[in-house]
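# Examining the three-dimensional arrangement
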Amino acid sequence: MNQPLLETHAKEANLTDIKSAQVRTLFSAIPASLATILINSVILSTILWQEISHTNIVAWFLATNSLSLFRWYLYRQFTKINEGEEFDAIWYQLAIVTSALSGATWGAAGIWLFAEHSIAHQVFLLFVIGGMGAGAIVTLSVILRAAQSFVLLAVTPVLIQIMLVNNQISTAMAIMIILFTARILYSSKKLYDTFIESLVNAHERDVAEERIRSQALYDELTKLPNRRLFLASLDQELARAARHKRVGALFFIDLDRFKAINDSLGRSIGDELLVQVADRICSRIRQEDTAARFDGDKFVVLLPEIGKNIKISGEQAHKIANEIQKSFDSPFKIQQHEIQLTISIGVVIFPLEQEGSANLVKYADTAMFEAKREGRDSVRLYSEEMQDATERRRIIERGLKKALELSEFELYFQPQFDGAHQITGIEALLRWHHPDKGLLTPEFFIETAEQSGLIVPIGDWVIRSACEHLAKLDFDSNLELSVNISPRQFRNLEFISNITQILLETGVNPARLKLEITESMVIDNIDQSVGVIDHLKRLGVKISIDNFGTGYSSLISLARFSVDEIKIDPSLVQGITNSPENAIIVETIMLTTNHLKIDTIAEGVETSADLDFLKKLNCNKFQGFYLAKPDSFEVFLSLII
Ligand code: C2E
Ligand code: MG
């Protein structure tokens, strides 16, 4: 196999690795070769001692064995190179040059030790040189050029000598030498091909095995350890920490809203972002700490030692996590995009009572979840209470799934009134008939429903059920029905089509359906909200902004969305008579909404004093316990019929 062919054959394999293996094989045969050279040179010198000038013999013997000494020295140097050390190409060149020089010494024997008058000695010389050549190709063929130069330099001089003798037998001998040389060169090439092929195969096998090993333990995208490797090393680290009485920490890092970035900018940008995130996390930790990609957009960091004292270590870990979090302040640049990303980090300190790698990760994950619940972009340290809360949430989640299947939900209705105490609308409020705990209000379950995503099917049920009730109220065609929409529902891509479908199926007039959304839902993602609200308005449904006054949005910005109604938050309404600040805020809201021709309703009216005061501020719609509490549809019907 020639060099270019070798290169194509070994395109997968690393050429340097192959060359290094060639040299290693060639050098490993050096002790035996040098011993053979010594024995052969002694025998040859002894046999020819009577026939050839002693100067020639001694000079040749010294030259040959000095070279052997030099080759021995090289061999010793080469064996000192450690496995895994970078291979220096000079060894490859040295292997060729020293093999050629060794061939040349046997070539020199063909000139200096050629007994012109004794055919027997000539044949003996030929026999030795031929034998050396045949023997050499076995070991030198791993590097074709080394074998070829050895054979040609060893044989050519003696061939010329024989031809110069020029008698009948010498011509025949010369032809035999040529045939013999061609034969061993051919064999050498064959040996070389076989050797390289097996080397390349072995190398490819090594590469494949390495890749499989690395795929099993490392994340292909970020090159960080994967979940499996991380958990394995975490177990060892926990044992070590316990032995040395050290305190360590585990961070569970989750990217906030990564899915939205992935969906909007595409997977390849998402992938690149994950790589940069991994780099950024790694740049903030010490060498002895380990970062790993745990799953999708979740990373973990293990800090094997942050101190000896659990309490101080907690603060220290919190500080380090804060630094990682702060490092996300500057945006990521990918292609033409500047991506602003935040992270939520859960921190757990070990040793803990109930340890084990799986538990520890679970605790850090729980703390991370709490960080997310508190509005993302934050760090939370794990506490046992958190675990209890998580357990409770899990139980609620399971219960909610069942509640949907077993129809345990019911809608309650709370009327809304005008200044003349006439009912103008109703708000549908969800209730859960829990099999053990009785009737539950949303405060017990709505957050879990939202976080688990169950709010989407539950919300669909609410809209459908509300519309079915609305259809039964067709005797009072002015009555409007409000339904609360959760952030997750609002962002759900199928939200519009679901409402359209429900309106069609129940046949209600869309203008009598009012959807209550919150300011933050609109402001958090203005572009998407504009699209959704536009669509809803085109369907003919009305939009109300619930709990207004608790966010930071201005009425002017909300006016852009052509909302139909503002519901003033109970926190501004309750005790308004004793709060001049709240009174001024409500008055300002009333002035602006009147000017913008947006309906306003004061929520949470609990006393007649509040009601009277609100009326003085020009408020003309009210909802609250003072006027009517939420109740079943039947109770509501009894109020209006
Ligand atoms: P919200 O939309 O602000 O609903 C009004 C809540 O205030 C209701 O509580 C109601 O009972 C209560 N309320 C009304 N008047 C007064 C009053 O004078 N004083 C006091 N202290 N409270 C009053 P509820 O039914 O427990 O609902 C709580 C929240 O749960 C609702 O707040 C709404 O955000 C959410 N929710 C209710 N039903 C649904 C639903 O079907 N879907 C979604 N996504 N959320 C819902
Ligand atoms: Mg509401």
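In the block above lies the structure referred to throughout.
Attention here is on the structure that accompanies the text. (Residues numbered from 1 in each chain as written. Chains lettered and ligands numbered in written order. Predicted model: local features only at pLDDT ≥ 70, side-chain atom pairs only at ≥ 80, totals over all residues. Heavy atoms only, no water.)

### What about the pairing of strand S2 (residues 290-295)?
Threshold: Two strands form a pair only when DSSP identifies at least two bridges running between them. By definition, any uninterrupted DSSP run of H or I lasting at least four residues is a helix, any uninterrupted run of E lasting at least two residues is a strand, and each is numbered from the N terminus.
Summarising the sheet, S2 and strand S3 (residues 298-307) pair through five bridges and their orientation is antiparallel. The residue of S3 that forms the bridge with Thr290 is Leu302. In this antiparallel pair of consecutive strands, S2 and S3, the connection spans two residues, and Gly296 shows a positive phi of 45°.

### Re the site of ligand 1
To keep it simple, the criterion reads: Nearness here has a simple test: a residue counts as near a molecule or strand if at least one of its heavy atoms is within 4 Å of that partner. In protein, a polar contact requires one atom able to donate a hydrogen and another able to accept it; more generally it is a pair of N or O atoms within 3.5 Å, and residues adjacent in sequence count only if both atoms are side-chain atoms. Per-residue accessibility takes into account occlusion by the displayed protein chains alone, with areas from the Shrake-Rupley method and a 1.4 Å probe. Each residue is assigned to one class: nonpolar for Ala, Val, Leu, Ile, Met, Phe, Trp, Tyr, Cys and Pro, charged for Asp, Glu, Lys and Arg, and polar for all the others, Gly among them.
Taken together, the neighbourhood of ligand 1 is formed by 23 residues, with Arg431, Asn484, Asp546, Glu606 and Phe625 sitting nearest. At 3.1 Å from an oxygen atom of ligand 1 is found a side-chain nitrogen or oxygen belonging to Glu427. With respect to ligand 1, the backbone of Leu430 contributes an N or O atom lying 3.1 Å from a nitrogen atom. Relative to its unbound accessible surface of 780 Å², ligand 1 loses 79% to contact with the protein. Every element with two or more residues in the shell around ligand 1 is listed here: strand S9 (423-434), helix H16 (455-471) and strand S13 (542-548). The leading source of residues in the shell around ligand 1 is S9, at four residues. Its residues placed into classes, the shell around ligand 1 shows nine nonpolar, eight polar and six charged.

### A few points about the coordination of the magnesium ion (ligand 2)
As a reminder of what qualifies: The donor set comprises N, O and S atoms within 2.8 Å of the metal, extended to 3.2 Å for Na, K and Ca; water molecules are omitted, so apparent gaps in a site may simply reflect that omission.
The protein atoms that coordinate the magnesium ion (ligand 2) are Glu427 (OE), Asn484 (OD1), Glu516 (OE) and Asp546 (OD), at distances of 2.0 to 2.2 Å. In the primary sequence, the donor residues of the magnesium ion (ligand 2) line up as E-x56-N-x31-E-x29-D. With Glu516 in strand S12 (residues 513-518) and Asp546 in strand S13, this residue pair connects regions lying 30 residues apart in the sequence.

### Observations regarding the nonpolar core
Defined as follows: We define the nonpolar core as a collection of buried residues of types Ala, Val, Leu, Ile, Met, Phe, Trp, Tyr and Cys that are connected through side-chain atoms lying within 4.5 Å of one another. Throughout, exposure labels follow a simple rule: accessible area from a 1.4 Å probe, protein chains only, divided by the maximum for the residue type, with under 20% read as buried, over 50% as exposed, and the rest as partly exposed. Contacts are residue-level and defined by heavy atoms, with any inter-residue pair within 4.5 Å sufficient.
Ranked by internal contacts, the top residues of the largest apolar core, which has 69 residues, are Val483, Ile485, Phe495, Leu515, Ile517, Leu536 and Leu614. With eight residues, H16 is the largest single contributor of residues to this core. Those residues in contact with Ile517, other than ones at most four positions away along the chain, are Ile485, Phe490, Val522, Ile533, Ile543, Ser544, Ile545 and Asp546. Counting 56 residues, the second-largest nonpolar core is a separate cluster that includes Leu126, Ala147, Val151 and Met173.

### Regarding a nonpolar patch on the surface
Which entries qualify depends on this criterion: Two joining distances apply to patches: 9 Å for like charges and 5 Å for nonpolar side chains (Val, Leu, Ile, Met, Phe, Trp, Tyr), and every residue must have over 30% relative accessible area and no salt bridge. Note on definitions: salt bridges are taken to be side-chain nitrogens of Lys or Arg within 4 Å of carboxyl oxygens of Asp or Glu.
Together, Ile39, Ile43 and Ile47 make up a nonpolar patch on the protein surface, roughly 250 Å² of accessible area in all. Residue placement: Ile47 occurs in helix H3 (residues 30-48).

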